[in-house]
Amino acid sequence: MARRVDVRRFGVVRGGAGAVAAAPPAGDAAASPLAPWVDLLEESYLRSRVLPPEECADLLAKLARHLGAPGAALLAWDATGRPAVLAACGVPDWSRDAERLTRLVRGRDAGAGSEEALTVTAGRLVAVVLRGPGADRLALALPDIEAGEEVLAPLRLLARFFFHAHFRRQVRAMPVPPPRIEGRSDLRFPPGIVVGRSPAMQRLYGALARLVDRDLPVLVLGETGVGKEHVARLVHEWSRRRSGPFVTINCAAIPAELLEAELFGIGRGVATGVVERHGKFREAHGGTLLLDEIGELPSPLQAKLLRALEQKEVQPLGGTPFGLDVRIVAATNTDLETSMARGDFRRDLYYRLAGFVLQVPPLRQRREDLPALVDHFLKLDGSHLDGITPAALRALLEHRWQGNVRELRHELARAAVLADPGELLDVDLLPHHVVASLPPLEAGEGSEEALRLDDRVGRLEEQLIREALRRAGSKRGAAQLLGIPRARLRRRMEFHGIES
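For the structure given in this document, a descriptive report is provided here. (Residues numbered from 1 in each chain as written. Predicted model: local features only at pLDDT ≥ 70, side-chain atom pairs only at ≥ 80, totals over all residues. Heavy atoms only, no water.)

1. Examining the pairing of strand S6 (residues 125-131)
And then number 1: Along S6, seven of the seven residues are buried, which leaves the element largely enclosed by surrounding structure.
And then number 2: The side-chain alternation of S6 yields two buried faces, one formed by Leu 125, Ala 127, Val 129 and Arg 131 and the other by Val 126, Val 128 and Leu 130.
And then number 3: Summarising the sheet, S6 and strand S7 (residues 137-142) pair through six bridges and their orientation is antiparallel. Bridged to Leu 130 within S7 is Leu 138. (Buried < 20%, exposed > 50% of the residue type's maximum accessible area, 1.4 Å probe, protein only. Helix = DSSP H or I, 4+ residues; strand = E, 2+ residues; numbered from the N terminus. Pairing = 2+ DSSP bridges.)

Below is the structure:
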């Protein structure tokens, strides 16, 4: 029989329709906004794969303690629409809140299948509702809290773990609807852009919103791989030029002798065998032109670009000048101040390009956005994967990401190649330099608590694997009992030193 956690040591009292745990003390949230969530997700993930919801009341108590709520509950509705409390902590009687949620959920659909979450709020009552087989629903509810997206996003994932324990479904990350810019209900994010919910990205979006009704040139700065082209596309999509073309050119990827023709075009009959070329400026007429890697633009072309911007006229090579009706967005990861001090970049051109400067934050300054990025890239490059384990998510959160979002996508695509269909992305699929980013345990304040947590989670996984092997008698059967692919079972056995 699979090992079960003794929930009595958490003060659980059986009774009625589920388990009720003693109310946790409020206001005990940790200082880091991410670490407590990762701990909760990691423990919830491991337990929910073997425990029914009624034995997860202690996890609800930890959740309520983290959010400073007086309690938390798991509620379920069957096909008749009658609510039942599967597990709860803190509040002895959930009947009134269950009725309130029933009235709010009735007539509303949580989405096709079980892949969408319905977030319900009634005053200070917050619930994430998932739809199961038929008309069944399961809700994770907390009273007396005010939950922003930074709380709702991990709540959706926690609800998924409980959902899996109830309906025996595989864990997947929850899709999250994009937020709207405060005060601008008309602004929408185009498809393919992962919306950042971190404070750093929200400040960037707020600055972008101020450019909607202006046609200033924009200079986008940021490290390599942070997504400067995505920001440039938002500048275009949120402007009055959105119906026009959005054209890009990488100033560092084209040889200097060809770049002038690519930018400004070539006139008809300039030389034998040379065909007329419009150039990027004419292609972007009425729209937006992104000059990517502008810091690598050769000095002779800097002068010609400055003249075109000042006179609002482009002179093709051997052709007839034409008027310029283009918004310029330039982007670079080069330190232009240093380049100007060395004389490599014209200061007068800088002032022409920097009508408004946007600094895109690196990924290490917006770690809150990493789960959404992971979910997005797994759908693009690892569509055969069923999600990511909290342990792997912890490793990704701790990594420095010098290559930023581009590096993250590369590592996830690499892991997807190594994984089997239906597998969860775990730490054993990540490269050593990413896993090695996890901080070592050192002597000092808090180290004993961290050691106990890691030791407890590791022991639980090892014991579950050993028990599954004992019961099944084979790796194939053990993998089925654990709900994981055999390849992953082999890796975890090697990790724990379990012989077959």
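Structure's up, so let's keep going.
2. Brief notes about the side chain of Asp 292
And then number 1: The residue Asp 292 is located in strand S10 (residues 288-292) in this model.
And then number 2: We note that Asp 292 is buried and unpaired, the nearest opposite charge coming from Lys 228 at a distance of 5.7 Å. (Lys, Arg positive; Asp, Glu negative; His and termini not counted. Salt bridge = Lys/Arg side-chain N within 4 Å of Asp/Glu carboxyl O.)

3. Details of the pattern of salt bridges
And then number 1: Under the counting rule described, the total for this entry stands at nine salt bridges.
And then number 2: Between Asp 215 and Arg 241 there is a salt bridge, and its shortest N-O distance comes to 3.0 Å. With Asp 215 in the loop between helix H5 (199-209) and strand S8 (218-221) and Arg 241 in the loop between helix H6 (228-237) and strand S9 (246-250), the pair connects residues that are 26 residues apart, well separated along the chain.
And then number 3: For Asp 215, a relative accessible area of 39% translates into the label partly exposed.
And then number 4: Among the salt bridges present, the one from Arg 346 reaches Asp 348, with a minimum N-O distance of 2.9 Å.
And then number 5: By sharing partners, the salt bridges in this structure join Asp 215, Arg 241 and Asp 325 into a single network.

4. Points about helix H2 (residues 57-67)
In an α-helix, one turn spans 3.6 residues, which is why side chains three or four residues apart end up on the same side.
And then number 1: Within H2, eight of the eleven residues are buried, which leaves the element mostly enclosed by the surrounding structure.
And then number 2: Considered for burial, the residues of H2 that qualify are Ala 57, Asp 58, Leu 59, Leu 60, Ala 61, Leu 63, Ala 64 and His 66.
And then number 3: At the exit of H2 stands Gly 68, carrying a positive phi of roughly 70°.

5. A word on the sheet that holds S10
And then number 1: On the basis of which strands lie adjacent, the open sheet formed by five strands has the order S9-S10-S13-S8-S14 and parallel pairing. One side of each edge strand has no neighbouring strand; the edge strands of this open sheet are S9 and strand S14 (356-359). Recorded for the sheet is a direction-independent mean angle of 20° between the axes of neighbouring strands.
And then number 2: Pairing of S8 with strand S13 (residues 327-332), which is carried by four bridges, proceeds in the parallel orientation. (Axes fitted to C-alpha atoms, helices over the stretch in contact; angles between N-to-C directions.)

6. Some points on a positive patch on the surface
And then number 1: A cluster of basic residues, Lys 475, Arg 476, Arg 486 and Arg 490, forms a positive patch at the surface.
And then number 2: Listed by contribution, the elements that provide at least two residues to the positive patch are helix H17 (475-482) and helix H18 (486-496). (Patch = residues over 30% accessible without salt bridge, like charges linked within 9 Å, V, L, I, M, F, W, Y side chains within 5 Å. Areas by Shrake-Rupley, 256 points an atom, 1.4 Å probe, with all protein chains shown as cover. Charge placed at Lys NZ, Arg CZ, Asp CG, Glu CD.)

Treat this as a map of the structure, not an account of what it does.
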